[in-house]
Amino acid sequence: MRHDDPLLSRGNIFRACVYAVVFLVLLEISISVSFLKQGTYRLLKSYEFLKKWDISRFTLILESRNECDWMVNATIKNLQRILDSKCQPVRVCSISPPDLVGQLETYKSAPPYKEMIKLYPLVKPGGRYTPYECISRESVAIIIPFRDREEHLRILLHNLHPILQRQQLDYGIYVIEQTNGTQFNRAMLMNIGYAESIKLYNYTCFIFHDVDLIPENDRIMYDCIGSPRHLSCAVDKFKYRLPYVTLFGGVTAIKREHFEKVNGHSNKFFGWGGEDDDMFRRLVHHGFNISRYPMAMSRYKMIKHRKNAGNRANKKRHNLVSTGKRRYKYDGINKLLYSRLAIEFRQLHTRIIVSINETQVMRIHEKSN
Ligand code: UDH
Ligand code: MN
């Protein structure tokens, strides 16, 4: 055995090579980690832009990186979707979704639920949907005040789900059902829909939707803008004309922060009529302008129906509307008295069954606040 130069022994040379390889591997890892941090940081920064609606910048930053491994480490909750879908949706959904068709033939009937759920396989239990191809700008809760209109509901769901999916919305459909025995309270049910849906998901936009109104155009976007929007302006039942200019019934869209600012709807309107006029006044009182799409676009069909016995015209409605202003502060979502009897996550909607005690609700007054 030759041991004249131990430094250059094979063993040592081999060891040196191993150290060099290990060193290079570590160097590579540390470079990747710093790149990763930088990537995550850039993503965080871009998310800030997103929040400020600077969407082009957000898209740009994401597009400039083709690989998505670094994104996998982003910890932002709202971007979980990118991760879940293996980095698929990197773009924020467009303001004008690509698959919209405009004027539509509406479905006037609907298959039984057993058949219908097969038509909408991407809808998750509770009537929830999140687009796979892009990141939605906001989350929308569709709130439907409801009692004893099962067929209308089936037809509405059959019409709405495909439209909302084409609109690329992150949405959920909530049917708020009032039990029998009291006069129907549409506005209070919508308040309950707001209160219950935000317990389930961070909704930022609300669409309050009569069960019997079917949109005839998928460009009527079910999203929220800078001011509350009245969507159902031209209804076939009224010969596609606006019955009066301050009408705010049927289908409306309101940002969560705006809805909260006006304390939601009034809870005091039992029976038919007045609650939408009260809401219109509330919004105007708080400085909002109501916006509408052009009449030619915002067309709806009302499914034919009679007045329900549990929804008699409210004789007190004119008086309630004219004295409404003094109640805005305490009559609304900050004082909601009801019992939730059930919550059911059905295949194409969430059903929330509530009972309302009219005497109790009417008794709430300023001093109790
Ligand atoms: N609603 C129910 N069940 C009821 C009452 C009302 O689900 O018993 C809900 C439903 O979402 C409905 C909305 O409240 O779309 C508005 O009630 P409505 O449809 O009875 O009111 P609308 O103003 O009708 O549309 C007025 C009576 C029309 C009579 C027409 C006679 N030709
Ligand atoms: Mn109706």
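To be clear, the structure that these remarks concern was listed above.
Residues numbered from 1 in each chain as written. Chains lettered and ligands numbered in written order. Predicted model: local features only at pLDDT ≥ 70, side-chain atom pairs only at ≥ 80, totals over all residues. Heavy atoms only, no water.

Chemist: I would appreciate a short explanation of the site of ligand 1 in the present structure.
Modeler: The full set close to ligand 1 counts 15 residues, and Pro 145, Arg 147, Val 211, Asp 212 and Trp 272 are the nearest of them. One of the side-chain nitrogen or oxygen atoms of Trp 272 is found 2.8 Å away from an oxygen atom of ligand 1. Contacts to ligand 1 include Asn 308, whose side-chain N or O atom sits 3.3 Å from an oxygen atom. Computed on the free molecule, ligand 1 has an accessible area of 670 Å², of which 80% lies beneath the protein chains in the complex. (Near = heavy atom within 4 Å. Polar contact = N/O pair within 3.5 Å; in protein donor to acceptor, adjacent residues only side chain to side chain. Areas by Shrake-Rupley, 256 points an atom, 1.4 Å probe, with all protein chains shown as cover.)

Chemist: What is the right way to read the pattern of salt bridges from this model?
Modeler: A side chain with one charge can pair with a side chain of the opposite charge if their charged atoms come near. Tallied over the entire structure, the rule returns 17 salt bridges. Residue Asp 212 is joined to Arg 149 by a salt bridge in which the shortest nitrogen-to-oxygen separation is 3.1 Å. Taken together, the positions of Asp 212 in the loop between β4 (205-209) and β5 (213-215) and Arg 149 in the loop between β2 (139-146) and α5 (150-166) put the pair 63 residues apart, joining distant regions of the chain. Classification of Asp 212 by relative accessible area gives buried; the value is 5%. You can call Arg 149 buried: its relative accessible area is 15%. (Salt bridge = Lys/Arg side-chain N within 4 Å of Asp/Glu carboxyl O. Helix = DSSP H or I, 4+ residues; strand = E, 2+ residues; numbered from the N terminus. Buried < 20%, exposed > 50% of the residue type's maximum accessible area, 1.4 Å probe, protein only.)

Chemist: What exactly am I supposed to notice about the packing of aromatic side chains here?
Modeler: Given two aromatic rings, one states the distance between the centres and the angle between the planes to describe the pair. Tallied over the entire structure, the rule returns nine aromatic pairs. Relative to Tyr 171, the ring of Tyr 129 lies with its centre 5.6 Å away and its plane at 35 degrees, an arrangement referred to as tilted. Of the two residues, Tyr 129 is situated in strand β1 (residues 128-129) and Tyr 171 in strand β3 (residues 170-178); the sequence distance between them amounts to 42 residues. A relative accessible area of 3% means that Tyr 129 is categorised as buried. Judged by relative accessible area, which is 0%, Tyr 171 ranks as buried. Here the aromatic rings of Phe 206 and Phe 259 are separated by 6.2 Å at their centres, their planes lie at 35 degrees, and the arrangement is tilted. Residue Phe 206 is found in strand β4, and its partner Phe 259 is found in helix α7 (residues 256-261); the two are separated by 53 residues along the sequence. Among the residues examined, Phe 259 registers a relative accessible area of 0% and is labelled buried. Here a set of aromatic residues connected by ring pairs shows up, and it is made of Tyr 194, Phe 206, Phe 208 and Phe 259. Against the face of Tyr 201 rests Arg 128, its NZ or CZ located 4.1 Å from the ring centre. Above the plane of the ring of Trp 272 lies Lys 307, whose end atom (NZ or CZ) is 4.0 Å from the centre. (Phe/Tyr/Trp six-rings, centres within 6.5 Å; stacked < 30°, edge-to-face > 60°. Lys NZ or Arg CZ within 6 Å of the ring centre and 35° of its normal.)

Chemist: Looking at this structure, I do not really get the coordination of the manganese ion (ligand 2). What am I missing?
Modeler: Around a metal, the perfect tetrahedron of four donors has angles of 109.5 degrees, and the perfect octahedron of six donors has angles of 90 or 180 degrees. With distances of 2.1 to 2.3 Å, the protein atoms coordinating the manganese ion (ligand 2) are Asp 212 (OD) and His 305 (NE2). Pair noted here: Asp 212 is in the loop between β4 and β5 and His 305 is in the loop between β10 (299-302) and α9 (317-322), with a separation of 93 residues, a long-range link. Of the residues examined, His 305 reaches a relative accessible area of 34% and is grouped as partly exposed. (Donors = N, O, S within 2.8 Å, 3.2 Å for Na, K, Ca; no water.)

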